[in-house]
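# Fold and contact review
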Amino acid sequence: MTTWSVDTAADVLLAAEAKRRDRGPITEEWPELDLPTAYRVQKRLIERKVEAGETVVGVKLGLTSRAKQERMGIDSPLTAVLTDGYVLAADEPVPLDQLIHPRVEPEIVFVMGKRLAGPGITAATALDAVESVHAGLEIIDSRYTDFKFTLPDVVADNASSARFVVGGKAVSPKSLDLALEACVLTVNGAVTDTATGAAVQGHPAEALALAANALAARGEALEAGQIVLTGGMTDAVFVRAGDQIGAEFTSLGSVFVTAA
Ligand code: 0L1
Ligand code: MG
């Protein structure tokens, strides 16, 4: 039987990731895992990854679109932390042998040009701090069986983070209306879903402002050079051996991942 604490919760989730063994929600065994405690677990889990040699490269938002909120049955966005251990190079296959039940979702990605520290950040001030906008795909892999979790569970699990790919085309945030930017999600060439940037909190810059303000409440900020994934625009699709999954945008270019 586990004696639950911030440390043991982080270790249980890291072990589930390393051993590719999904488990039930921690809140079923530790009902005291509330949202502030869950963010402490997430912080500890990232500290462990950094101790093991990984570097923090950015932040991601989750559950910023209605499609994702309805699918997961949670109506509140969250933040999580990106390390270089989650980076999938453009030509690298999705490592199915290292993951439990990966799913892929299209994302609009920011690279920060300036530090952005809340509180009081608006979408306009957030966008001013962005250097470039990119197409992205995130591979999520919940450590919970069947992706079934409460908000504290998924926050503690670093929002199901597993891998992500950022497209090579860098677009100025001032050169397009990101609310109108359209994305087609394809699996083996067949369109499975579509969305525009408006799916992400009305405008991806609103999600960026939300992240800056939420981080400020925990004494943190977004730094220049960091990557920000603004949240899945559509529901995520399962990835199986042989699949090629694409996010094809009107102005941001296209990103594809394949699973060997
Ligand atoms: O981008 C996202 O909305 C990721 C949410 C993470 C939770 C999940 O869908 O497993
Ligand atoms: Mg995501």
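The structure presented is a predicted model; accordingly, all values stated were derived computationally and were not measured. (Residues numbered from 1 in each chain as written. Chains lettered and ligands numbered in written order. Predicted model: local features only at pLDDT ≥ 70, side-chain atom pairs only at ≥ 80, totals over all residues.)

On to the environment of Cys183, then. In this fold, Cys183 is placed in strand β6 (residues 182-187). Accessibility expressed as a C-beta count within 10 Å gives 25 for Cys183, which makes it buried. Sequence separation between Cys183 and Ala135 is 48 residues, and the spatial gap between their C-alpha atoms is 9.0 Å. (Helix = DSSP H or I, 4+ residues; strand = E, 2+ residues; numbered from the N terminus. Buried ≥ 20, exposed ≤ 12 C-beta atoms within 10 Å, placed from the backbone.)

Counting 76 residues, the largest nonpolar core has Ala126, Leu137, Ile139, Leu208, Ala211, Ala212 and Val228 as its most contacted members. Broken down by element, this core gets its largest block of residues, eight residues, from helix α6 (residues 204-217). (Core = buried A, V, L, I, M, F, W, Y, C linked by C-beta atoms within 7 Å.)

Here, UniProt's "domain: Fumarylacetoacetase-like C-terminal" (unreviewed entry) annotation points to residues 89-255. With 16% helix and 32% strand, the stretch residues 89-255 has end C-alpha atoms that lie 11 Å from each other. (UniProt positions renumbered as here; feature names shortened; annotations may be inferred.)

What follows is about the sheet that holds strand β11 (residues 254-258). Strand order in this open sheet of four strands is β7-β6-β10-β11, and the pairing throughout is antiparallel. Every other strand in the sheet has two partners, leaving β7 (190-196) and β11 as the edge strands with one partner each. Across the sheet, the mean angle from the axis of one strand to that of its neighbour is 15°, orientation sign disregarded. For strand β10 (residues 244-249) and β11, the ladder comprises five bridges, and the chain directions are antiparallel. Opposite Glu248, over in β11, you have Ser254 as the bridge partner. (Pairing = 2+ DSSP bridges. Axes fitted to C-alpha atoms, helices over the stretch in contact; angles between N-to-C directions.)

The next point concerns the site of ligand 1. In the region of ligand 1, 14 residues are neighbours, and Gly62, Lys68, Ser160, Gly231 and Gly232 sit closest. By residue class, the composition of the shell around ligand 1 is six nonpolar, five polar and three charged. (Near = placed C-beta within 6 Å. Nonpolar A, V, L, I, M, F, W, Y, C, P; charged D, E, K, R; others polar.)

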